[in-house]
Structure formats: C-alpha cells, structure tokens
Amino acid sequence: MSDSQALLESRHFLTRSVPLFSPVNWLVAGWRDFQRCPLPGLLHGVLVAVFGASLCWWIPDRFWLLGGAFTGFLLVAPVIATGLYAISRALERGESADLATALTVWKPRDGRMVTFGLLLALAGTGWVLTSAALIWSFAAAPVVTPEDFLHVVVLAEHGWLFEGWLLLGGLLAAPLFASSVVAIPLLLDRQIGVLGAVLTSWRVVMANPAPLALWGAAIAFFTLFAMATGLLAMPVVIPLLGHASWHAYRELVGSAVSPAG
Amino acid sequence: MSGITEEQFAQFGLTFGVTAFMLYMLFILLQLARESKAGRFGTFVILLGLGLGMMGFVAKFVIKWILDS
C-alpha cells in the first residue's frame, strides 16, 4: 500500500481538538471502567508485574540494562493493553465484559496487531541499547543493582544524568508515541491498515500537541511510579492507563466520514 | 507571635517556591516552543522531552525528601 493510499484511508476518520486537561477526564473514565470490570485489568497488571520481576530475577546484576528495559516497556505497552480496550468498548456499548472479552482480541484474525507490536518492540530494543549506552558512559560508578541506579543515576550529586536520561527518552519516544497513541485502539475498532492507523495517530498529535504531551507525561509518571513501588502498584496502574487510552482514542478520533465521490 | 516555627516557614517557602519555579519552567517551555516556530509536532516533542526532564528534576526532589524524612 502506498503512503497516499494510507493517508486517504486515514482521512476517512475525523480527528478532534481537545482541551489541555482532557487527559484528566480520560484517567477518570479509565478508573471507572476498571472499577466496573476489575478482574481482566488486574490480571493484565499482575502479568506485567510478574514479567518485570522475572526480568529482575533473570538479570539481577545488570540494572544499567534493566533501567532501559523497564522504561522501554512503555513503548510496547499500547499493544499489551489491547484486551483492556476491548473491555472498555464493550462497557461503552452496554455489553457484558469479562476476561473472555479481553482474550478474544488476542486471536490472530489478521497480522495487523502483530506487525505493529513487532515494530514497537524493535523500537523498544533501540531505546534499551541507547539507555544502556548513556548510563554506561556517563554514570560516575557502575550501575549494577536498583540501589545503584537510585544513588548513581537518580540522586547523583553532580550532573544531570537522570534528567538527561528522561529527556533523551522523551525525545526518542515522541515519534513512537505519536505513531501509537490512538493506533492500536483504532486497529481494534475499525477496518484500517497499520500505516493508515499510524497516520491517524500523527494527525491527532498535530491537532493536539499540548494535551498529548501532557498525556504522554502522565503515562510516564504513572508507570515510573508503579516501578518505584517495586512493581506493586502495576496491577492498578496498567488497567488505569489501558482503559484511559481507550477513552483518549474515543475523544480524539471521530466517526468515519463517507469517502467522496 | 504568629505561632509559625522557622521550620514550618521554610517548608512553606520551599513548597511554594518549587511550585512557582516549576510553573516558570513550564512557561519557558511554552515560550521556547512558540518562539522557535517549531510547528505543532516540534511543540509536542519539546513539551514531551523537556517535560519528562522536568519531571525527573521534581522526582529527584521528592525522592530525596522521602529518603531524608
């Protein structure tokens, strides 16, 4: 499919401009969905926490690498939350929603989700390597354990390594976030190709740079908070952000318009 | 006379001082995005990148405060 065809496909969907603090409404709506149907969300969160704990167990003495792996998770998280989008959609339609609703979307009906997930995983790997290189090159002492990361990177007396690490992460994540912020819910909800969904995502960001920067920062904040609690808050944070992402999509992308002619 | 201790006054000043400083930094970010004519995507990148850096700066304060108290 050529770019122009993808753009035409994308333009079938209207994008809306939203107020700056709309992310707060998305979080509130996401929390409401989580309360209405908590089990699938908790299960998603627990699985993510178990995966994170397994990584720590597997490579406990390489936190210079794990720091990037944990934050790189943010890049692939939109795919992981696909089941939660399905739950929110069912609740919105007044249908019954349970674990089966979330699991149904994982049946590989087509390769679109898999393709997009692989592309995001590839980008996530790029960030893991960049992060490891940054920490390895600029940390004043070896970063082996989470405590080392806290004292040598986060609370470093001299320099701005932690701020710089986050800033670089933000700059590298910006185009990926712009590509994925509404793409996965759109792929789930409508018949559209991967490139069309990505272009729609970019159009949404172009229409709302400040609200979506706030939304990106909120996602980073909640995820870093969950990591700071030793992953204990992950079972709540994952469903909160997953359901909220669905509401972001619903507010940012309007209904399809009929193709002209 | 007012019943406020030096520690409470310092705490109050620090809380509001840091908040005001962060708001000022946010203002600088918005000005930077506007004056650099970065365009809509540039504005998004500046806000997200520098915003996360700023969040790290605040997180450092909070973590130090939690560890000290």
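The structure this text deals with has already been given above.
Residues numbered from 1 in each chain as written. Chains lettered and ligands numbered in written order. Predicted model: local features only at pLDDT ≥ 70, side-chain atom pairs only at ≥ 80, totals over all residues. Heavy atoms only, no water.

A.B. asks: Is there a simple way to explain the overall build of chain B in this structure?
C.D. replies: The secondary structure content of chain B amounts to two helices and zero strands. Burial statistics for chain B: of 69 residues in total, 28% are counted as buried. A total of about 4,900 Å² of accessible surface is found on chain B, and carbon and sulfur atoms cover 72% of it. (Helix = DSSP H or I, 4+ residues; strand = E, 2+ residues; numbered from the N terminus. Buried < 20%, exposed > 50% of the residue type's maximum accessible area, 1.4 Å probe, protein only. Areas by Shrake-Rupley, 256 points an atom, 1.4 Å probe, with all protein chains shown as cover.)

A.B. asks: I would appreciate a short explanation of the pattern of salt bridges in the present structure.
C.D. replies: Think of it this way: side chains of opposite charge can pair up when their charged atoms draw near. Residue and element names in this part refer to chain A. What the rule picks out here adds up to five salt bridges over all chains. Where arginine 89 meets aspartate 189, a salt bridge forms, and the shortest distance between an N and an O atom there is 3.2 Å. Placement of arginine 89 in helix α5 (residues 82–92) and of aspartate 189 in helix α10 (residues 183–189) is noted, with a sequence separation of 100 residues between them. On the basis of relative accessible area, aspartate 189 is assigned to the buried category, the value being 18%. Residue arginine 190 is joined to aspartate 189 by a salt bridge in which the shortest nitrogen-to-oxygen separation is 3.2 Å. (Salt bridge = Lys/Arg side-chain N within 4 Å of Asp/Glu carboxyl O.)

A.B. asks: Looking at this model, I keep getting lost on the environment of A:Gly117. Mind explaining?
C.D. replies: Residues and elements named next belong to chain A. Its location among the elements puts glycine 117 in helix α7 (residues 112–138). The exposure class assigned to glycine 117 is buried, which follows from its relative accessible area of 17%. Once the C-alpha coordinates of glycine 117 and arginine 250 are considered, the two residues, 133 residues apart in sequence, prove to be 21 Å apart.

A.B. asks: Please clarify how the side chain of A:Thr223 should be interpreted in this entry.
C.D. replies: Along the chain, the position of A:Thr223 falls in helix α12 (residues 209–228). Residues within four places of A:Thr223 in sequence aside, it is in contact with A:Phe73, A:Leu74, A:Val237 and A:Leu241. (Contact = heavy atoms within 4.5 Å.)

A.B. asks: Just checking my understanding: could you explain the interface of chain B and chain A for this structure?
C.D. replies: The figure often quoted for interface size is the accessible area lost as the parts come together. Taken together, the contacts link 19 residues of chain B with 30 residues of chain A. Summed over both partners, the interface of chain B with chain A buries about 2,100 Å², with 82% contributed by carbon and sulfur atoms. On the chain B side of the interface with chain A, the three residues burying the most area are B:Phe41, B:Phe44 and B:Lys60, jointly 29% of the side's total. Our count for the contact surface shared by chain B and chain A stands at one salt bridge. For the salt bridge of A:Glu163 with B:Lys60, the shortest nitrogen-to-oxygen distance reads 3.3 Å. Along the contact surface separating chain B from chain A lie three residue pairs in polar contact (both at pLDDT 80 or more). Broken down by class, the residue content of the side of chain B that touches chain A amounts to 12 nonpolar, four polar and three charged. (Buried area = accessible area lost by both parts, 1.4 Å probe. Polar contact = N/O pair within 3.5 Å; in protein donor to acceptor, adjacent residues only side chain to side chain. Nonpolar A, V, L, I, M, F, W, Y, C, P; charged D, E, K, R; others polar.)

A.B. asks: Even after reading the chapter, I still don't get the environment of B:Gly49, so can you show me in this structure?
C.D. replies: Within the element layout of this structure, B:Gly49 appears in helix α2 (residues 39–68). The buried category is assigned to B:Gly49, whose relative accessible area is 0%. B:Gly49 has contacts with A:Leu167, A:Gly170 and A:Leu171, leaving out every residue within four places of it along the chain.

A.B. asks: Help me understand unusual backbone geometry, please; the structure alone is not making it clear to me.
C.D. replies: Glycine aside, negative phi is the norm for most residues, and most peptide bonds take the trans geometry. Residue and element names in this part refer to chain A. A positive phi angle, close to 75°, is found at leucine 231, a residue other than glycine. By secondary structure assignment, the location of leucine 231 is in the loop between α12 and α13 (234–252). Judged by its relative accessible area of 12%, leucine 231 is buried.

A.B. asks: Explain the nonpolar core here, please?
C.D. replies: One finds A:Leu212, A:Trp215 and B:Phe44 to be the most contacted residues of the largest nonpolar core, which totals 83 residues. If you tally residues by element for this core, the top one is α13(A), at 10 residues. When near neighbours in sequence (up to four residues on either side) are disregarded, A:Trp215 contacts A:Pro23, A:Trp26, A:Leu27, A:Phe177, A:Val181, A:Leu241, A:Ala244, A:Ser245 and A:Ala248. (Core = buried A, V, L, I, M, F, W, Y, C linked by side-chain atoms within 4.5 Å.)

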